[in-house]
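Spelled out, the chains give:
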Amino acid sequence: MPTRNIPVIETLRLVLRGPEPQDYPDFKATFSSYRSRFMGGPLNAYEAWMLYAAEIGHWNIRGFGMWMIHDKATDETYGMAGGWQPAKWPEREIAWIIWPGKGGHGYALEATHAVRRYFYEQRGWDGAVSYIDPKNLDSIRLAERLGAKKDKEAPTIDGNDAVYRHPAPHELDGTQLAHGIEMEISHYADPLFKPKGWAID
Amino acid sequence: MTLPGIPTIETDRLILRAPALADLDAYAGFLASQRATPADDPLTRHTAWLGMCADLGHWNMRGYGFWMTEEKSSGATAGMTGFFHPEGWPGAELGWTLFNGFEGRGFAIEAARRAREFAYADLGWKRLISVIAPDNARSIALAEKLGATHERDWTSPTGDKVRIYRHPDAGRL
């Protein structure tokens, strides 16, 4: 049964599509691994299956959700990125996860930048946050590369997470911040110059 | 965002239809009574919310899943009936639940009979089980009324010690 009605987003190297049943083994592999420790894992097979089903159902309930990140050329999956807001989330979250071994290529940056732009430009979002475990340094670094800033005043999910607030749409409209993100992405896609810093995801 | 392919089926008094966000209050209220927490307990609501998402996604993953059982006369969401088969489950299960205030009127068996008929006639299945907690006397009685028999005990992936009831095969109904 195809996951219809979920928009497809293309970027330089990636195509983002709704989560399909045939992608489940890739999801399960990550969520049964230590990689998922900041996302409620590791999970057993039953828990991983139920969470994956919920990822699909989230689209129906909220009208938005998480996309599966595919390589445009090979269709291989690299992870997921999108919007996430279960019942107890104080605000709409922009979230991402990259499979173990697929980090370090800027895929999360490229995918998350694209989904954020989609939510801002196509869906009228005026902002979003990311809830990140304070020990999840790779994700905190990615949030900062995306221009998000720690918001100490914002309500958290359960007190154990840090809230990173994404720049508002106007802060990404032709600004130096937006150009910097796009330059970093383009350097991954065409590595004439290596990006500076220690990008992980 | 509509899910493709969730059929609506009916009995005399009930409609079995796709779950929707409007069912969340009834669903969360039921879960709260199961766990003895207040209906507006945030964690219970969160769990109910994710549970509803998973119920919807189940249809995409398997092509079948749980319906909401709606009472025709009132339009109220009376419970849930349908099929459950996540990874780690011993087969496709026929399940039924009634929300608070809808017990005792034969709705569960009416919906379960219809769902089983759908499984055998429309989905072409041959066999069906129900997974029931050993202290759930009402469900056990209902399974037995449906002709199901206690096949074996099983520990679910959530760690619950439960019974597997085997329904009569398709050819025997």
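Residues numbered from 1 in each chain as written. Chains lettered and ligands numbered in written order. Predicted model: local features only at pLDDT ≥ 70, side-chain atom pairs only at ≥ 80, totals over all residues.

**Observations concerning the packing of helix 1 (residues 24-31) of chain A against helix 2 (residues 45-62) of chain A**
Residues and elements named next belong to chain A.
1) Next: Where helix 1 contacts helix 2, the axes come no closer than 10 Å and their chain directions differ by 125 degrees. As far as their axial angle goes, helix 2 and helix 1 are oblique. Helix-helix and strand crossings are classified by hand; for helix 1 and helix 2 the assignment is right-handed. Every residue of helix 2 that contacts helix 1 at Tyr24, Phe27, Lys28 and Phe31 is listed here: Ala45, Ala48, Leu51 and Tyr52.
2) Next: Classifying every residue of the contact of helix 1 with helix 2 by side-chain character gives 7 nonpolar, no polar and 1 charged. (Axes fitted to C-alpha atoms, helices over the stretch in contact; angles between N-to-C directions. Helix = DSSP H or I, 4+ residues; strand = E, 2+ residues; numbered from the N terminus. Parallel < 35°, antiparallel > 145°, perpendicular 65-115°, else oblique. Left-handed = near helix turned anticlockwise from the far one by under 90°. Contact = placed C-beta atoms within 7 Å. Nonpolar A, V, L, I, M, F, W, Y, C, P; charged D, E, K, R; others polar.)

**As for helix 1 of chain A**
Every α-helix winds through 3.6 residues per turn, so residues three or four apart in the chain are directed the same way.
All names here are of chain A.
1) Next: Where helix 1 is concerned, the buried positions are Phe27, Thr30 and Phe31. An end-on view of helix 1 places all buried positions within 90 degrees of arc, on one side of the element.
2) Next: Of the surrounding elements, those touching the buried residues of helix 1 are helix 2 and strand 5 (93-98). (Buried ≥ 20, exposed ≤ 12 C-beta atoms within 10 Å, placed from the backbone. Arc of directions from axis to C-beta.)

**A short note on the packing of helix 2 of chain A against helix 2 (residues 42-62) of chain B**
1) Next: Closest axis-to-axis distance for the helix 2 of chain A/helix 2 of chain B pair is 6 Å, and the angle between their directions is 95 degrees. With respect to each other, helix 2 of chain A and helix 2 of chain B are oriented roughly perpendicular. Seen from helix 2 of chain A, the contacting residues are Met50, Tyr52, Ala53, Ala54, Glu55, Ile56, Gly57, His58, Asn60 and Ile61 of chain A; seen from helix 2 of chain B, they are Leu50, Met52, Cys53, Ala54, Asp55, Leu56, Gly57, His58, Asn60 and Met61 of chain B.
2) Next: Each residue belonging to the contact of helix 2 of chain A with helix 2 of chain B can be placed in one class, and the counts come to 12 nonpolar, 6 polar and 2 charged.

**Here we look at the confidence of the model for chain B**
1) Next: Of all residues in chain B, 98% have pLDDT values of 70 or greater, and the mean over the chain is 93.
2) Next: For this predicted complex, the interface confidence score (ipTM) comes to 0.90, while the overall pTM stands at 0.91. (pLDDT = per-residue confidence, 0-100.)

**Focus: the pairing of strand 2 (residues 14-17) of chain A**
All names here are of chain A.
1) Next: Because side chains alternate across strand 2, one face comprises the buried residues Leu14 and Leu16, and the other comprises Val15 and Arg17, none of which is buried.
2) Next: Pairing geometry for strand 1 (residues 9-10) and strand 2, over 2 bridges, is antiparallel. The residue bridging isoleucine 9 from the neighbouring strand is leucine 16, located in strand 2.
3) Next: Connecting the antiparallel pair strand 1 and strand 2 is a turn made up of 3 residues. (Pairing = 2+ DSSP bridges.)

**Let's talk about the interface of chain A and chain B**
1) Next: Each partner contributes to the interface: chain A provides 25 residues, whereas chain B provides 27 residues.
2) Next: Residues of the side of chain A that touches chain B, tallied by class, amount to 15 nonpolar, 7 polar and 3 charged.

**Regarding the environment of glycine 101 of chain A**
Residue and element names in this part refer to chain A.
1) Next: Along the chain, glycine 101 falls in the loop between strand 5 and helix 3 (107-122).
2) Next: Residue classification places glycine 101 among the exposed positions, given that 9 C-beta atoms sit within 10 Å.
3) Next: A sequence separation of 43 residues divides glycine 101 from glutamate 144, and the C-alpha atoms of the two residues are 22 Å apart.

**Focus: helix 1 (residues 24-35) of chain B**
All names here are of chain B.
1) Next: For helix 1, spanning 12 residues, the distance from its first C-alpha to its last is 16 Å, which sits close to the expected 16 Å at 1.5 Å a residue.
2) Next: Among all positions of helix 1, only Ala26, Tyr27, Ala28 and Phe30 are buried.
3) Next: Looking at the residues trailing helix 1, positive phi occurs at alanine 36, about 55 degrees. (Expected span 1.5 Å × (residues − 1).)

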